[in-house]
Amino acid sequence: MCGIVGYIGNNAVDEILLSGLKSLEYRGYDSAGIALNDNQGIDVFRAKGKLQNLTEVIKAKHISNRQVSQGIGHIRWATHGEASIENAHPHLSNDGKLVLVHNGIIENYKELKDELIKQGYHFFSQTDTETIVHLIDREYKRVSSLEQAVIRAISMLKGAFALCIMHHDEADKIIAVRKNAPLIIGVGKNENFIASDIPALIGKTQAIIHLEDNELAIVKKDSVVVKSFDGKILNKPVETVNIAQDAISKQGYKHFMIKEINEQPQIVRKMISTHMSSPQQSIRFENIDIEELIENIDKIEIIACGTSLHAAQVAQYMIEDLCNINVTVEAASEYICKKHLTNNKTLSIGISQSGETADTITAIKQAKEKGAKILILTNRPDSSIVRYAKYVLPLNAGIEVSVAATKSYTAQLTALCLLSLAMAEKQKNTNPEQLLPIKQELLMLPTKIEEVIYSSTTIKKCAEKYNGYKNFFYLARGINIATAQEGALKLKEISYINANSYAAGELKHGPIALLDNNMPILALLPQHSKTFEKMLSNCEEARARHAHLIAMTNSEINKKELFDDTINVPEISEFLSPLLFSVPLQLFAYYFADSLNLDIDQPRNLAKSVTVE
Ligand code: F6R
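Residues numbered from 1 in each chain as written. Predicted model: local features only at pLDDT ≥ 70, side-chain atom pairs only at ≥ 80, totals over all residues. Heavy atoms only, no water.

> Describe the packing of helix 7 (residues 264–275) against helix 13 (residues 432–454), and please don't skip the residues or the numbers.
Packed helix pairs are characterised by how far apart their axes lie and by the angle those axes make with each other. Two numbers describe how helix 7 lies on helix 13: the axes approach to 9 Å, and their chain directions differ by 175 degrees. With respect to helix 13, the element helix 7 is oriented roughly antiparallel. Across the interface between the two elements, Gln 264, Pro 265, Val 268, Arg 269 and Ile 272 of helix 7 pack against Leu 442, Leu 443, Leu 445, Pro 446, Thr 447, Ile 449, Glu 450 and Ile 453 of helix 13. Class assignment for the residues of the contact of helix 7 with helix 13 results in nine nonpolar, two polar and two charged. (Axes fitted to C-alpha atoms, helices over the stretch in contact; angles between N-to-C directions. Helix = DSSP H or I, 4+ residues; strand = E, 2+ residues; numbered from the N terminus. Parallel < 35°, antiparallel > 145°, perpendicular 65-115°, else oblique. Contact = heavy atoms within 4.5 Å. Nonpolar A, V, L, I, M, F, W, Y, C, P; charged D, E, K, R; others polar.)

Take a look at the structure:
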């Protein structure tokens, strides 16, 4: 949700900023811009749409022969004001000397803007960000120090902000500020970098300083000084991150999404072997004492958004089934607007791939304030949400670039399955022998996912056959309702198809009115489920209304007259079926979108890291 970068040093500033922004493109692509500061003044280059448009604007201006030594850049996911050049960052002060980029939202910008307009400031955009520029500029004119002006201005801001700020009269520094939006400093030799996220620094430096909330950094070519908002110097550790360049390259795949789908067997295999040395042994998590985790707990609540919320819904079935503990699942954005009965007997589990989702962070913060124990599952153990956690379960799925989550979902499901087994093992009334078949079957899961991926030609053909339809139903029952929701979400977000999922039994209570021969249905039919026969009856009901039916199943259903097409899935128990069925659903959505020639990795209106509430 917006990405920002900064660079100060002797190398080609524009190229460094553009390559940094390229790696952050998953955070937004409504517009892009950079500002360069040199002895001739500050120059701003901006373009609507993707980064490529900005690259062309810059190429046309032939700026490469200038002696620039500092710059900042931004890619935008529009919040205040449409996607346009005027609303693109960086934003300049009226005298053209101060410039900044911003990720976040300023909640009190309206009052500040009215005050600044009264004081004679002119606004050229509809953004909340422009308020910050004029506010700092006003303070600069009072105190003649960029650092002091920034400190004074940010004390007046409410909301979330990561900022990079430059001033023409203090061209030896960039000031980086963090409050409720991620920001890191990359430490180099005679050069330093600022970025919203690590991918922007890959290939440039491995030495990183993580800024925390309410901290700012004065970044010069040969020094970085971090201070708290009240001006105290902080001694921050420089950490080493080791991420290979190929972690953020497509490695020959057409899209990141298909590359990431293909990575799943390996991720699942590694996760299982990390936590389960053999089915006969207890499952273990480094730094999580499961006994302590569930001690004195009478309720578990799982909080997440989007795809992570679907993983939470699957976990609810798993934990209730194996552990007999009451589990509730809540969309983070809803959790924060209602009274909830969280207390010190609650275990609150937050699930977030990015660890930066604002809704989930706020909800988890609230749960913690009510005394809950906090466990976080995240793919980014260095992310903001982790600071509220007593326990952290890293997903280790590697950087996920495609906006549509795939490998992180499968990693979440695998981790949650292992967690539910580990909790069950610690329950007094569980017989470990009951868990053995699940643990044995879990070992076979990576190979089964591989089998699905090998059979993707059939899935591709099926997706291409249905790519003319504008609406889709996904039907399932029980533990796979969330799988159907996730499958429909994948199709929705990358194909722009109105795909909706229903608990199959609910069809007859309303949605069946929508069925005719223009409504294909993808039905999830894991054979060994308690509701297999009922699912078949629901499919019959749909068929009677002329809907086209695709069966996704591991059964040899011989019902040619019922199903138009079948996507076969390897044999699997109902308990583990969500971990397997999600993969053909990802492939179905991928090939559907690809056959329509759509921008799969960067679907319209979306961004990977949703850092606004
Ligand atoms: C969909 C998708 C989103 C995210 C959601 C939460 O493919 O990726 O629905 O799952 O925005 O993000 P995290 O998991 O980072 O909190």
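> Go over helix 11 (residues 358–369) with me, naming the residues and quoting the values.
Side chains of residues three or four places apart in an α-helix project in the same direction, reflecting 3.6 residues per turn. With twelve residues, helix 11 ought to run about 16 Å at 1.5 Å a step, and its terminal C-alpha atoms sit 17 Å apart, in line with that. Restricting attention to buried positions, one finds in helix 11 the residues Ala 358, Asp 359, Thr 360, Ile 361, Ala 363, Ile 364 and Ala 367. Buried-residue contacts for helix 11 involve strand 16 (299–304), helix 10 (332–335), strand 18 (346–352) and strand 19 (373–378). Just beyond helix 11, the residue with positive phi is Gly 371, at close to 100 degrees. (Expected span 1.5 Å × (residues − 1). Buried < 20%, exposed > 50% of the residue type's maximum accessible area, 1.4 Å probe, protein only.)

> Can you explain the site of the ligand? Please cite residues and give values.
Neighbouring the ligand are 15 residues, the closest being Ser 308, Ser 352, Ser 354, Thr 357 and Glu 493. In the environment of the ligand, an oxygen atom lies 2.6 Å from a nitrogen or oxygen atom belonging to the side chain of Ser 308. Between Ala 405 and the ligand, the recorded distance is 2.9 Å, taken from a backbone N or O atom to an oxygen atom. In isolation the ligand has 400 Å² of accessible area, and contact with the protein removes 89% of it. Secondary structure elements with two or more residues in the shell around the ligand: helix 9 (306–323) and helix 15 (481–495). (Near = heavy atom within 4 Å. Polar contact = N/O pair within 3.5 Å; in protein donor to acceptor, adjacent residues only side chain to side chain. Areas by Shrake-Rupley, 256 points an atom, 1.4 Å probe, with all protein chains shown as cover.)

> Kindly report on the nonpolar core, identifying the contributing residues and their values.
Ranked by internal contacts, the top residues of the largest apolar core, which has 96 residues, are Ile 300, Leu 375, Leu 419, Phe 472, Tyr 474 and Phe 588. Once residues lying within four places of it in the same chain are set aside, the contact partners of Tyr 474 are Ala 484, Gly 487, Ala 488, Leu 491, Ala 499, Asn 500, Ser 501, Tyr 502, Leu 522, Leu 585 and Phe 588. Judged by nonpolar contacts, the second largest core, of 32 residues, contains Leu 18, Leu 24, Tyr 26 and Ala 47. (Core = buried A, V, L, I, M, F, W, Y, C linked by side-chain atoms within 4.5 Å.)

> Can you tell me about the sheet that holds strand 1 (residues 3–9), naming the residues and giving the values?
Here we have eight strands laid out as an open sheet, ordered 3-2-4-1-10-9-11-15, and antiparallel in their pairing. Sheet topology places strand 3 (41–48) and strand 15 (239–240) at the edges, where each strand pairs with a single neighbour. Strand direction decides the pairing type here: strand 1 and strand 4 (residues 70–76), joined by six bridges, are antiparallel. Bridge pairing links Ile 4 to His 74 in strand 4. This element, helix 2 (residues 51–61), spans strand 2 (31–38), strand 3 and strand 4 of the sheet and lies at about 135 degrees to strand 3. (Pairing = 2+ DSSP bridges.)

> Outline the packing of helix 14 (residues 456–465) against helix 17 (residues 577–595), listing residues and values.
At a minimum axis separation of 8 Å, helix 14 and helix 17 run at an interaxial angle of 50 degrees. Taken as axis vectors, helix 14 and helix 17 run oblique relative to one another. Crossing angle aside, the handedness with which helix 14 passes helix 17 is right-handed. Across the interface between the two elements, Ser 456, Ile 459, Lys 460, Cys 462, Ala 463 and Glu 464 from helix 14 touch Pro 584, Leu 587, Phe 588, Tyr 591, Phe 592 and Ser 595 from helix 17. Broken down by class, the residue content of the contact of helix 14 with helix 17 amounts to eight nonpolar, two polar and two charged. (Left-handed = near helix turned anticlockwise from the far one by under 90°.)

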